[in-house]
Every structure is written in structure tokens, then in C-alpha cells.
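As a plain string of letters, each chain reads:
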Amino acid sequence: MFPIKESRFLSGDVKLFRVEAPRIARKRQAGQFVIVRIHEHGERIPLTIADSDVEQGTITIIVQGVGKTTRLLNQLEAGDAILDVVGPLGEPSEIKNFGTVVVIGGGVGTAIAYPTAVAMKQAGNHVITIVGARNQSLLILEDEVRATSDELYLMTDDGSYGEHGFVTQKLQALIDQGRTIDHVLAIGPIPMMRAVAEVTRPHQISTIVSLNPIMVDGTGMCGGCRVYVGKECKFACVDGPEFDAHQVDFTNLIQRNKMYRDREQESLEAFEADPTHDLEEAHHCQMEQRFPEVGPRTV
Amino acid sequence: MVDKLPPKQRTKIPRQAMPEQEACQRAHNFDEVNLGLTEAIAQRESQRCLTCADPKCTHGCPVGVQIREVVDLVREGEYLSAAAKLREDNVLPAVTGRVCPQENQCEGACVLARRFNSLAIGHIERFVADYERKTGQVGLPERAPLTGKKVAIVGSGPAGLSCAGDLSLKGHEVTVFEALHEIGGVLIYGIPEFRLPKEIVRQEVENMRAMGIDFQTNVVIGKTVTIDELFNEEGYDAVFIATGAGLPKFMNIPGEQLAGVYSANEFLTRVNLMKAYDPDQYDSPIYDCRGRNVAIVGGGNTAMDSVRSALRLGAKNAYIIYRRSEEEMPARGEEVHHAKDEGVQFMNLHNPLEFVGNEEGNLTGVKLVKMELGEADESGRRRPVPIEGSEFVMPIDMAVVAIGTGANPLVQSTTPDMATNKWGYIVADEETSRTNKRGVFAGGDIVSGAATVILAMGAGRVAARSMHEYLETGQW
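As the structure is a computational prediction, the values presented were derived from the model and not from experiment.

Definitions and cut-offs
Residues numbered from 1 in each chain as written. Chains lettered and ligands numbered in written order. Predicted model: local features only at pLDDT ≥ 70, side-chain atom pairs only at ≥ 80, totals over all residues. Heavy atoms only, no water. Buried < 20%, exposed > 50% of the residue type's maximum accessible area, 1.4 Å probe, protein only. Helix = DSSP H or I, 4+ residues; strand = E, 2+ residues; numbered from the N terminus. Pairing = 2+ DSSP bridges. Core = buried A, V, L, I, M, F, W, Y, C linked by side-chain atoms within 4.5 Å. Domains from an automatic or database assignment. Phe/Tyr/Trp six-rings, centres within 6.5 Å; stacked < 30°, edge-to-face > 60°. Lys NZ or Arg CZ within 6 Å of the ring centre and 35° of its normal. Contact = heavy atoms within 4.5 Å. Axes fitted to C-alpha atoms, helices over the stretch in contact; angles between N-to-C directions. Buried area = accessible area lost by both parts, 1.4 Å probe. Salt bridge = Lys/Arg side-chain N within 4 Å of Asp/Glu carboxyl O. Polar contact = N/O pair within 3.5 Å; in protein donor to acceptor, adjacent residues only side chain to side chain. UniProt positions renumbered as here; feature names shortened; annotations may be inferred.

Things to note about the pairing of strand β14 (residues 226-229) of chain A
Residue and element names in this part refer to chain A.
Phase 1 of the analysis: The two faces of β14 match: Arg-226 and Tyr-228 on one face and Val-227 and Val-229 on the other face are all buried.
Phase 2 of the analysis: Pairing geometry for β14 and strand β15 (residues 232-235), over four bridges, is antiparallel. Within the sheet, the bridge partner assigned to Val-227 lies in β15 and is Lys-234.
Phase 3 of the analysis: Taking the residues between adjacent antiparallel strands as the criterion, β14 and β15 are bridged by two residues, where Gly-230 takes a positive phi near 55°.

Brief notes about the nonpolar core
Phase 1 of the analysis: Formed by 73 residues in total, the largest nonpolar core has its most connected members in Val-95, Ile-153, Leu-187, Phe-240 and Met-467 of chain B.
Phase 2 of the analysis: When residues in this core are grouped by element, the largest group, nine residues, is from helix α19 (residues 453-473) of chain B.
Phase 3 of the analysis: When residues of this core are assigned to domains, at least three fall in each of domain 1 (7-135) and domain 2 (150-246 + 407-473) of chain B.
Phase 4 of the analysis: If you look at the next biggest cluster of nonpolar residues, it comprises 42 residues, including Met-215, Val-227, Phe-243 and Phe-250 of chain A.

Digging into the packing of aromatic side chains
Aromatic ring pairs: the centre-centre distance and the angle between the two ring planes describe each pair.
Phase 1 of the analysis: Scanning the model with the defined rule gives 11 aromatic pairs over all chains in all.
Phase 2 of the analysis: Where Phe-235 of chain A meets Phe-250 of chain B, the ring centres are 6.3 Å apart and the plane angle is 85°; that geometry is what we call edge-to-face. In this pair, Phe-235 of chain A is assigned in strand β15 and Phe-250 of chain B in the loop between β5 (247-248) and β6 (261-263), connecting two distinct chains. Each member of the pair, Phe-235 of chain A together with Phe-250 of chain B, is buried.
Phase 3 of the analysis: A ring pair is formed by Tyr-470 of chain B and Trp-476 of chain B, whose centres lie 5.1 Å apart and whose planes are at 80°; its orientation type is edge-to-face.
Phase 4 of the analysis: Members of the aromatic cluster, joined through ring pairs, are Phe-30, Phe-194 and Tyr-277 of chain B.
Phase 5 of the analysis: The positively charged end of Lys-150 of chain B is found above the aromatic ring belonging to Tyr-236 of chain B, 4.5 Å away from the centroid.
Phase 6 of the analysis: Across the ring face of Phe-194 of chain B, the terminal group of Arg-312 of chain B is positioned such that the distance to the ring centre comes to 3.8 Å.

Describing the sheet that holds strand β16 (residues 242-244) of chain A
Residue and element names in this part refer to chain A.
Phase 1 of the analysis: Taken in spatial order, the seven strands make up an open sheet running β11-β10-β9-β8-β12-β13-β16, and their pairing is mixed. Whereas interior strands pair on both sides, the edge strands pair on one side only; in this sheet they are β11 (163-164) and β16.
Phase 2 of the analysis: Where strand β12 (residues 183-187) lies against strand β13 (residues 206-210), four bridges are found, and the strand directions are parallel. Directly across from Leu-185, in β13, lies its bridge partner Ile-208.
Phase 3 of the analysis: Against the sheet, helix α5 (residues 167-176) makes contact with β8 (100-106), β9 (126-133), β10 (151-156), β11 and β12, and its axis sits at roughly 150° relative to β9, the strand it touches most.
Phase 4 of the analysis: Helix α6 (residues 190-200) rests against β8, β12 and β13 of the sheet, and its axis sits at about 160° to β12.

Observations concerning the interface of chain A and chain B
Phase 1 of the analysis: On the chain B side, the residues contacting the 48 residues of chain A number 52 residues.
Phase 2 of the analysis: Interface area for chain A against chain B, summed over the two sides, is near 4,200 Å², with a carbon-plus-sulfur share of 53%.
Phase 3 of the analysis: By the criterion of area lost to chain B, the three top residues of chain A are Arg-23, Met-221 and Arg-263 of chain A, representing 17% of everything that side buries.
Phase 4 of the analysis: Counting across the chain A and chain B interface gives five salt bridges.
Phase 5 of the analysis: For the pair chain A and chain B, the number of links is 24 residue pairs in polar contact (both at pLDDT 80 or more).
Phase 6 of the analysis: Counting residues per element, the ones that place at least two in the side of chain A that touches chain B are α1 (22-27), β7 (84-89), β14, α8 (250-257) and α9 (261-273) of chain A.

Let's talk about the side chain of Ser-168 of chain B
Residues and elements named next belong to chain B.
Phase 1 of the analysis: Inspection of the secondary structure assignment puts Ser-168 in helix α10 (residues 158-169).
Phase 2 of the analysis: Its relative accessible area of 1% is what places Ser-168 among the buried residues.
Phase 3 of the analysis: The residues touching Ser-168, leaving out its near neighbours within four places in the chain, are Arg-143, Val-174, Met-211 and Ile-213.

Here we look at the UniProt feature "domain: FAD/NAD(P)-binding" (unreviewed entry) in chain B
Phase 1 of the analysis: What UniProt calls "domain: FAD/NAD(P)-binding" (unreviewed entry) maps, in this numbering, to residues 149-460 of chain B.
Phase 2 of the analysis: Between the C-alpha atoms that bound residues 149-460 of chain B the distance is 18 Å, and the span itself is 27% helix and 25% strand.

Concerning the domain arrangement of chain A
One widely used convention gives an interface's size as the accessible area the parts lose upon coming together.
All names here are of chain A.
Phase 1 of the analysis: For chain A, the domain assignment lists domain 1 (2-89) and domain 2 (95-206).
Phase 2 of the analysis: A separation of 24 Å is found between the C-alpha centroids of domain 1 and domain 2.
Phase 3 of the analysis: Between domain 1 and domain 2, the contact holds 14 residues from the first and 11 residues from the second.
Phase 4 of the analysis: In total, domain 1 and domain 2 occlude about 920 Å² of area from one another, counting both sides; carbon and sulfur atoms represent 70% of this.
Phase 5 of the analysis: Looking at the side of domain 1 facing domain 2, the largest losses of area belong to Ala-30, Thr-48 and Ile-62, adding up to 35% of the total buried there.
Phase 6 of the analysis: Taken together, the connections running from domain 1 to domain 2 amount to zero salt bridges.
Phase 7 of the analysis: There are one residue pair in polar contact (both at pLDDT 80 or more) connecting domain 1 and domain 2.
Phase 8 of the analysis: Among the secondary structure elements, those contributing two or more residues to the side of domain 1 that touches domain 2 are β1 (2-11), β4 (45-53) and β5 (58-64).

Set out below in C-alpha cells:
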């Protein structure tokens with residue numbers, strides 16, 4: 001059991017959790033993720049670690065409620081607990097002094113890009129951050145990102161905040177201005193990451209994306225998260241999740257991610273219609289936490 | 001004491017059959033296929049034992065179970081004593097009674113096998129373990145006084161569990177680390193409910209907990225904690241690595257990336273660990289097999305488990321595609337027969353060349369080539385050779401690739417001073433299970449490559465003996 005120490009909504013359906021997981025907190029590096037299961041009948045889902053606090057023994061995860069499991073998670077509060085949290089998984093981001101680095105976060109992807117931006121800043125880079133969202137209410141971590149960026153550009157699709165337009169337009173504008181860009185990291189919806197790859201490709205700017213394929217165990221055992229990078233088959237859980245954007249087969253990633261769309265939709269509808277059972281089950285886990293089983297007997 | 005029949009009469013009793021669920025019925029449920037021997041059948045079967053002075057069966061068992069003694073106790077109706085005797089050598093009798101390839105081990109060595117059918121040792125073992133479980137009076141072996149030594153076991157599959165059991169009995173403080181959320185390794189994620197009910201594994205794990213073993217799930221050794229940290233920060237005195245061979249192999253043919261193509265590991269994990277066959281209760285999704293055509297590539301036990309799972313998920317046609325003939329199939333005979341009875345269609349001497357898909361990226365078919373057997377190769381088996389011009393496309397909606405697994409590199413990559421071979425398996429001494437790194441032992445599939453449950457358990461026992469010696473003497 002992994003107790004939730006703090007939880008708060010950052011925007012409409014995006015929620016931040018600080019979860020007690022001392023071993024993971026101690027080891028975690030930017031770019032890594034955990035796999036979470038909420039209750040006995042739940043699925044295993046990967047979530048990126050946004051931050052950690054070694055002294056408090058906590059990790060921070062930021063979750064957008066899009067499917068059943070993430071919406072259920074977003075109904076949990078401080079004092080509740082998550083049944084299983086395993087990690088840190090995946091390879092850490094490559095952090096070094098590239099020179100000028102552009103970090104691009106789209107929607108909840110900002111939460112994933114943020115720790116890498118912090119690490120890039122610490123490594124001595126000039127960090128330009130471009131954060132995009134559909135509208136103002138979906139922009140998250142503005143203050144945190146501002147504090148770690150040398151330059152920050154906020155973009156909204158509807159112009160309700162920051163500049164009107166997509167993150168790729170800002171990136172293109174920077175390139176057109178003749179700014180030197182040594183490295184780009186883009187994390188967000190797949191179409192956004194693909195679009196960023198196409199902007200930087202003609203200029204041969206090294207570009208990294210963090211992929212989010214379907215995953216079960218997260219340790220290289222199931223092969224469900226296989227992605228194709230430069231014709232090579234890679235497992236996102238152990239070889240990634242970050243890959244060279246110019247080599248990734250995004251079309252295949254989109255197709256494989258659609259595999260369970262119908263089932264996921266059904267599951268979400270059933271949950272929205274009546275979340276009681278799942279909530280009870282999630283809280284039942286918490287009861288076990290309060291009344292732990294008697295420890296191992298010594299014969 | 002039941003009178004022993006004279007040997008001549010014993011051999012006249014035919015080998016007793018295992019009662020099983022009807023094929024037409026079981027092909028549509030995940031309940032166990034074999035129903036288990038009744039007391040009467042177990043009695044009758046045990047009468048067949050010739051009580052050899054030098055029991056070949058025990059020599060044929062990788063963990064050396066004292067089979068003749070167990071069978072004697074069964075004949076006398078002393079089932080709980082029989083169970084206790086079993087547990088002296090085997091921490092998972094209810095498991096091995098179900099999934100061991102007995103025909104190649106104890107039963108293969110049985111003297112009766114030469115002229116009659118061998119004694120049904122596996123079935124008797126299962127009967128005894130089940131009897132004990134039902135009474136709830138598990139005869140846990142006595143534990144030696146505590147030694148104050150701490151041991152970490154990496155991986156909770158058969159090798160890890162059997163090593164943990166033996167070391168705990170020797171009085172060491174044992175912690176078993178598991179990356180998944182449930183203890184049991186391949187017994188939980190790999191072997192389906194209809195062959196090995198998960199309740200059985202859970203009960204065995206509970207017994208081990210009662211023996212004082214500590215189990216920690218959700219810890220990925222190599223990521224959450226490294227091997228060096230186990231020694232330096234968590235105070236362990238020795239480590240046994242039993243992570244298995246869990247890295248799925250693919251064929252590297254075109255179309256393998258299509259949605260609908262699974263590795264056997266993913267398919268079986270979704271079905272077994274994540275209970276995807278019960279979507280009303282469990283959230284983990286799986287491809288909807290109902291009324292569809294499903295092909296499994298491979299001829300081992302994992303392929304049989306996958307194909308029979310697909311049938312139970314409602315597949316209209318479930319095929320085995322295997323490039324050699326049935327004779328060369330590595331799967332147990334019993335599993336192949338069960339699969340056939342249930343309606344699995346065997347396409348032996350066929351090899352996939354390519355998976356075919358539609359523009360949405362979903363699998364729609366597999367291009368196959370017919371094979372014939374040529375000269376014997378280095379493995380002694382006749383080499384399958386493609387028949388030119390025999391290619392054709394078979395429409396399928398889902399495929400499972402079950403052609404084997406390799407070594408998972410997680411632990412090795414964060415323990416660079418531990419030797420591995422060119423395939424990534426850990427190098428460990430066969431007799432002592434020692435690696436080249438002080439205090440670190442390894443065994444089971446991560447050393448040998450993919451094998452059987454009982455061989456892994458045997459490796460766990462070898463390691464336990466050697467680790468005990470190291471913990472006592474401190475000599476490396």
C-alpha cells in the first residue's frame with residue numbers, strides 16, 4: 001500500500017498526488033515512470049514521476065482523468081492509498097550541457113517535461129520552455145516551469161491565455177529568428193510530438209520525445225509496449241520511454257494505442273454511470289492499510 | 001497397515017485415469033481441467049507401486065522427493081504424513097503435482113514403465129497436497145534456530161520460492177522480492193487457471209509466510225533497489241537471483257507490429273495475472289476473441305496454454321502453427337491431447353512468413369509456407385525446410401507469438417561486475433550456484449535458459465545448500 005500524502009487539482013481534470021514511496025523517491029531520475037494499480041480488480045497503468053522528495057520519501061505524479069483508471073485515481077484524496085506503485089522504471093532522460101535546450105510540454109505532458117527542464121537547467125543549459133494547452137484552464141505548473149526556465153512561452157489553441165497558437169508555431173518562430181537550438185525535448189499528445197519532429201527535422205536539431213504506449217509489467221517482460229524506432233523494435237518500458245523523434249514510427253504507435261479503444265470506452269461509461277463499486281474497492285484497500293495483517297509468524 | 005499385494009498382482013492393476021472435465025464443457029471455462037483423484041482411486045493407484053529397494057523415481061526427480069515413502073504412506077491412508085514427507089523436499093507439492101513433466105522425470109524412471117504403465121506419481125502427489133490443503137492442517141517442517149543472517153531472493157517464481165523455503169528452514173531470515181503485484185512469478189502470470197488454479201499458488205505462498213518468509217511485491221531489483229544496495233544499504237548477507245527468462249522473443253517478420261499480434265507473455269499475463277477473461281470484474285483489457293480466428297505460433301507448453309486460453313475466450317478457430325511435426329513438439333503429451341480434445345486445430349509443418357494487416361494497422365491474416373522435414377540438424381531433430389511455392393494467406397484476427405523467451409537484462413545491467421554470457425544469462429557454477437560476485441548466487445531460468453518449474457525448483461535447492469554453507473563459513 002502506498003499512502004497518498006497530498007492531492008490537489010491543478011486544472012479541470014488534472015490532479016497532483018504526492019505518494020509515500022521511499023524506495024522509489026530515493027532512486028528516481030528525470031524521465032522515469034511508475035506503474036500503478038488502484039484496487040484488486042484494476043489494470044496496471046504507467047504514469048511519469050513528476051518530482052520526488054527523498055527526505056519525505058514521497059514521489060509526485062500528475063494525472064489527467066481520461067479513462068476509467070485515471071478518473072478513479074482522481075477521486076482519491078490525501079489519506080487514501082494506492083494499492084500498487086512500482087518503479088522507478090525506464091531509462092532516465094539524457095541530461096547534459098547541450099547549450100540551448102527547448103523543452104516543450106503539451107497539456108498534462110508538461111508534468112512530464114517539467115522534471116527534465118529542471119535537470120537541464122541544473123546541467124547548465126539555457127532552457128527555453130514552450131507550454132501549450134487547448135485553453136487557459138488546462139495550463140498547469142506555470143509558476144514551477146517559469147522558475148526553472150530562462151525563457152517561457154505559453155501557448156493556447158484558443159488564445160484564452162498567453163499567445164494564440166500551437167507550440168510548433170512558437171518553435172518554428174524561434175528557428176526562423178535564427179536562434180541557436182541545440183536540443184529539443186517534446187512531451188505531450190502524439191500528434192503534437194509528431195508535429196514537433198517535423199519542425200526540427202529539416203534543421204537536423206536533435207529531438208527527443210517521451211512515448212506512452214500500452215504497457216503491462218513495465219520491466220521488459222510482456223513486449224506490449226513495443227515501438228518501432230528507425231525500423232528497430234524497442235520496448236518503451238526498458239529501452240525508453242524517450243526516443244529520437246526523427247526515427248519514431250508515430251503511425252504505428254497511434255494504431256497500437258487504439259487496440260482497446262472500444263473496451264476502454266465501455267469501461268469508462270460503466271464507471272461514469274456508477275462509480276460506487278470501484279470507489280468502495282479503492283477504499284477497501286485503505287481499510288487494509290489501517291488494519292494491517294498480522295506480520296509473519298515465526299515457527 | 002494395509003497389506004501389500006504380491007508384485008504380480010500389483011502389476012495387474014491398470015494405471016488409474018485422472019478424472020477430468022468433459023472436453024466440450026471445459027473448452028468454454030477457465031476451471032481446472034483435471035479434477036483430481038478420489039481417495040479410492042489414489043489408494044488403488046498406490047497399490048501398484050513395487051516399493052523398489054532402490055527407488056528410481058526419486059533419482060528421476062530434480063528435487064529428490066522421497067516418492068516411495070510418500071506412496072507407502074498414501075497406501076496406509078496416512079495422507080497428512082505423506083504430505084509432510086513431500087514437504088521435506090518440495091515446498092510446492094500442489095503445484096508440481098500439476099505442472100511437472102512427470103513422464104520425463106519420476107514416472108519416466110519408474111520400473112513399472114518398462115513393461116506396464118508407470119505409477120501415476122504426479123497424480124498421487126497432487127492428491128496428497130490437495131488433501132492436506134483441504135484439511136487446513138499443513139504439516140510445515142520445523143525451522144532451525146535463527147542464525148541472524150539475512151538473505152534476499154530476487155524473483156518469486158519456482159526457483160526463488162524453493163530456495164526461500166530451504167533457507168528459511170535453516171534459520172535464515174529470508175525476504176523474497178517480486179516486481180509484479182502478486183507472488184509466484186510464472187506460476188501466476190504464465191500458467192493458466194485451468195491448469196494451475198491461482199488459489200493453489202496463493203495457499204502455498206501463505207504456507208511459506210507462516211514459515212516466517214517475508215514477501216515484498218512491487219520491488220524491481222535492478223531498478224528500485226540494486227544488488228549492491230541490498231548488501232550495502234539494506235544489510236543482506238547473501239542474494240539469490242532467480243529472475244527467470246522473461247524477455248519475449250519475436251520472429252522479426254513483417255507485420256509483427258500490427259495491433260492484434262501478442263507475445264505469449266503479454267497474452268498470458270493479461271489472461272492469468274490480470275484476469276482479462278472476466279471483463280465484468282477486472283479492468284485489464286484483452287483483444288476480443290469471440291467468434292474470431294486466432295493463431296498461436298509455437299509448439300511448447302506456452303503455446304498450448306495460449307491456444308487453449310484463446311479457445312476459452314471464445315475463439316471460433318484456434319490454431320497452432322508449428323514448423324516441425326507433432327513428433328518434435330516440445331509440449332507435454334498431456335497438454336497436446338487436452339488441446340486436441342478441446343478442438344484446437346494443429347497446423348504442423350507450417351511457418352509464418354509475414355503478418356498481414358489493414359490500413360488501420362489491425363491484423364487480418366498470416367502468410368504461411370508449408371514445410372517438410374529434411375536432414376537432422378545439430379539438435380538431432382530433422383530440420384524443417386520450406387516447400388517452394390506453397391505460400392498462402394490464412395485469415396486471422398489475433399496472433400500470439402510463443403517461440404520462446406530470453407534473459408531479462410534489468411538486474412545484469414545495474415550489476416556490471418557480475419558475469420553474464422553472450423546471450424545475457426548469468427554465469428553461475430552448476431554445483432554451487434555461485435556467480436563471480438561475492439555473496440551473489442543465481443539459478444533457474446536466468447542461468448539455464450527457459451526450462452521447467454521443477455528444474456527451477458531443483459536449482460533453487462542447490463543454491464540454498466550452497467548459500468547456507470557460505471552463510472555459515474563466510475568463505476567464498
